[in-house]
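Letter by letter, the chains look like this.
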Amino acid sequence: GDSVTQMEGPVTLSEEAFLTINCTYTATGYPSLFWYVQYPGEGLQLLLKATKADDKGSNKGFEATYRKETTSFHLEKGSVQVSDSAVYFCALSDNNTDKLIFGTGTRLQVFP
Amino acid sequence: EAQVTQNPRYLITVTGKKLTVTCSQNMNHEYMSWYRQDPGLGLRQIYYSMNVEVTDKGDVPEGYKVSRKEKRNFPLILESPSPNQTSLYFCASSHTDQETQYFGPGTRLLVL
């Protein structure tokens, strides 16, 4: 079945450092891809998404490009802030079952 | 304010004592879903509902029940909770199963 694999955390960075969180997927067909963010004590909220190959999703300085050739959707940000500290989940929307399939999440810790 | 609410936010109970976690959304969404979040496993879907009186099993439905008598409410029922149901539970909703899901703040359950 479809699946999502994320890099394990925690990822620990200093403020203003460059961030990459890797995400790869396995899917039949052409799923939509998502990044959700979970701030401490809160539910998940959509950060960005891409619905077809080569689409780039972006929001709040974060970007991710849907790469069909490498089945990847890596999350990047040029300069992280302490307020970006959270858990980030990569997910895909399964075209066969219409379900949202999540990765295991990657905790990001940004220190001043 | 558009939101998904869950109650209670925190619950400690004992094995076998029936409990219900409520979920309500004010966005007139058709699709609602329950997830559990466990360390190292990410989010796994328990049950979902495409509309009133239409529910179906997710990936980990054992030990849970749901109902969808009204569009806005989607309660999660644990008839006889067991310690392996200790987890963080999230309710989510969207207009369709293909669209961005909006998550509630979570319910942390401890079953002793």
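Here, every reference points to the structure presented above.
1. Regarding the nonpolar core
All names here are of chain A.
Stage number 1. With 27 residues, the main nonpolar core has Leu-19, Trp-35, Leu-47, Leu-48, Phe-73, Leu-75 and Tyr-88 as its most contacted residues.
Stage number 2. If you list the elements that add at least two residues to this core, you get β2 (11–14), β3 (19–21), β4 (23–26), β5 (32–38), β6 (44–50), β8 (62–65), β10 (86–93) and β12 (106–111).
Stage number 3. Sorting elements by how many residues they give to this core places β10 first, with 4 residues.
Stage number 4. Discounting residues that sit within four places of it in the chain, Tyr-88 has contacts with Gln-6, Ile-21, Trp-35, Tyr-36, Val-37, Leu-47, Phe-62, Leu-75, Gly-105, Thr-106 and Leu-108.

2. Looking at the pairing of β8(A)
All names here are of chain A.
Stage number 1. Pairing analysis gives 4 bridges linking strand β7 (residues 56–59) to β8, with the strands arranged antiparallel. Paired with Lys-56 across the bridge in β8 is Thr-65.
Stage number 2. Connecting β7 to the antiparallel partner β8 that follows it, the hairpin turn spans 2 residues, and Lys-60 within it adopts a positive phi of roughly 55 degrees.
Stage number 3. Alignment of β8 against strand β9 (residues 75–77), held across 3 bridges, turns out to be antiparallel. Directly across from Glu-63, in β9, lies its bridge partner Glu-76.

3. Focus on the packing of aromatic side chains
Stage number 1. The full count for this structure, using the stated rule, is 12 aromatic pairs over all chains.
Stage number 2. For the ring pair Phe102(A) and Tyr35(B), a centre distance of 5.5 Å and an interplane angle of 90 degrees mean the geometry is edge-to-face. Taken together, the positions of Phe102(A) in strand β11 (residues 100–102) and Tyr35(B) in strand β4 (residues 31–38) put the pair across two chains.
Stage number 3. Accessibility expressed as a relative area gives 8% for Phe102(A), which makes it buried.
Stage number 4. The rings of Phe34(A), Tyr36(A), Phe89(A), Phe102(A), Tyr35(B), Phe90(B) and Phe103(B) are connected pair by pair, giving a single aromatic cluster.

4. With respect to the interface of chain A and chain B
Quoted interface sizes are often the accessible area lost when the parts come together.
Stage number 1. Residue-level contacts link 17 residues of chain A with 21 residues of chain B.
Stage number 2. When the two sides are added together, the surface that chain A and chain B hide from each other amounts to roughly 1,500 Å², 47% of it contributed by carbon and sulfur.
Stage number 3. For the pair chain A and chain B, the number of links is 0 salt bridges.
Stage number 4. Mapped by element, the contributors of at least two residues to the side of chain A that touches chain B are β5, β6, β10 and β11 of chain A.
Stage number 5. Looking at the side of chain A that touches chain B, the element that brings in the most residues is β6(A), giving 3 residues.
Stage number 6. Each residue belonging to the side of chain A that touches chain B can be placed in one class, and the counts come to 6 nonpolar, 6 polar and 5 charged.

5. Considerations on the sheet that holds β8(A)
Strands pair in a sheet through their backbones, by hydrogen bonds, and they do so in one of two ways: parallel or antiparallel.
Residues and elements named next belong to chain A.
Stage number 1. Strand order in the open sheet made by the 4 strands is β3-β9-β8-β7, with antiparallel pairing throughout. Both edges of this open sheet fall to β3 and β7, since each of them pairs with a single strand only. The sheet shows a mean angle of 15 degrees between the axes of neighbouring strands, direction not considered.

Analysis parameters
Residues numbered from 1 in each chain as written. Chains lettered and ligands numbered in written order. Predicted model: local features only at pLDDT ≥ 70, side-chain atom pairs only at ≥ 80, totals over all residues. Heavy atoms only, no water. Core = buried A, V, L, I, M, F, W, Y, C linked by side-chain atoms within 4.5 Å. Buried < 20%, exposed > 50% of the residue type's maximum accessible area, 1.4 Å probe, protein only. Helix = DSSP H or I, 4+ residues; strand = E, 2+ residues; numbered from the N terminus. Contact = heavy atoms within 4.5 Å. Pairing = 2+ DSSP bridges. Phe/Tyr/Trp six-rings, centres within 6.5 Å; stacked < 30°, edge-to-face > 60°. Buried area = accessible area lost by both parts, 1.4 Å probe. Salt bridge = Lys/Arg side-chain N within 4 Å of Asp/Glu carboxyl O. Nonpolar A, V, L, I, M, F, W, Y, C, P; charged D, E, K, R; others polar. Axes fitted to C-alpha atoms, helices over the stretch in contact; angles between N-to-C directions.

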